[in-house]
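Fold and contact review
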Amino acid sequence: GLTTYVNGYNVGIGGSTTKDWIHAYDKLIKPFEADRFVILVGGNDVNVWGSSGEETVANLKTLLEMIHADHPDAEIYYIYTTPSPSAYADGDYSSAKLRALVSGAKTLCESLDYVQGMDVRKAMTTADEQNSKEELFADDKVHMNDAGYKVFSDILYEEIFRGENFGAAEGYKT
C-alpha cells in the first residue's frame, strides 16, 4: 500500500464522519508526529447521516484547524470525495448535499494556506468526466475495489510524495 515505504499510519475507520474524527482526534490523530496528513472524510456525513454540506464543511474546518494547530509544519491534504457510481452521474455529484460538500470543501481548502485540496474525479471518471469508471468500484457502487484503490494510491503517490524515490520502492506503481 501507500504507506509501505514511508512512516505512515492508516487510521481510517469505515463509516466515520467529521464529527467522529473531531471526537476521536486526541487519540487517533494528535499523537502522530507526521510530516503529512491525508484526510478523506465527509461523504458519510451527507450520504449516510443526512448532514448538510455546509454543516459538514464547518466540521471539516474544525478538524483541519485542530490538525494544523498541533502539527503546524505538517502538510495537510484533503481529498474532496470519490466519484462513486452511486453518487456521480452526468458530470456532477447527484445529491445537492454532496455538491455543497465538494464545493464548500474546495472553497475552504483554497482559503487555508496550510491545506491542499485534491480532486481525484478526473482519474476516476470517463474521458468526458460525465460518469464514474464503474470498473474502479465494488458491486455496491460506493466503495472502491482493488483497481480503484490502485488508481487512488497512484494519484496520492504522485501528488503527495511528488515522485520521491523510495529506493526499494522503485517500480512501486507497477
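Refer to the structure presented above.
A brief look at the structure comes next. (Residues numbered from 1 in each chain as written. Predicted model: local features only at pLDDT ≥ 70, side-chain atom pairs only at ≥ 80, totals over all residues. Heavy atoms only, no water.)

1. Examining the nonpolar core
- Counting residues in hydrophobic clusters, the biggest one holds 28 residues, and the most contacted among them are Ile39, Leu63, Leu64, Ile67, Tyr78 and Val115.
- Those elements giving two or more residues to this core turn out to be helix H1 (18-28), strand E1 (36-39), helix H3 (53-70), strand E2 (75-79) and helix H4 (96-111).
- It is H4 that contributes the most residues to this core, 6 residues altogether.
- Contacts of Val115, omitting those with residues within four sequence positions, involve Leu64, Ile76, Tyr78 and Cys109. (Core = buried A, V, L, I, M, F, W, Y, C linked by side-chain atoms within 4.5 Å. Buried < 20%, exposed > 50% of the residue type's maximum accessible area, 1.4 Å probe, protein only. Helix = DSSP H or I, 4+ residues; strand = E, 2+ residues; numbered from the N terminus. Contact = heavy atoms within 4.5 Å.)

2. With respect to unusual backbone geometry
- A positive phi angle, near 55 degrees, is found at Asp90, a position not held by glycine.
- Considering the arrangement of structural elements, one finds Asp90 in the loop between strand E3 (88-89) and strand E4 (92-93).
- Phi is positive for Glu129, which is not a glycine, with a value near 60 degrees.
- With respect to the element layout, Glu129 can be found in the loop between helix H5 (121-124) and helix H6 (146-160).
- Glu129 gets classed as partly exposed once you look at its relative accessible area, which sits at 24%.

On their own, these measurements won't tell you what the molecule is for.
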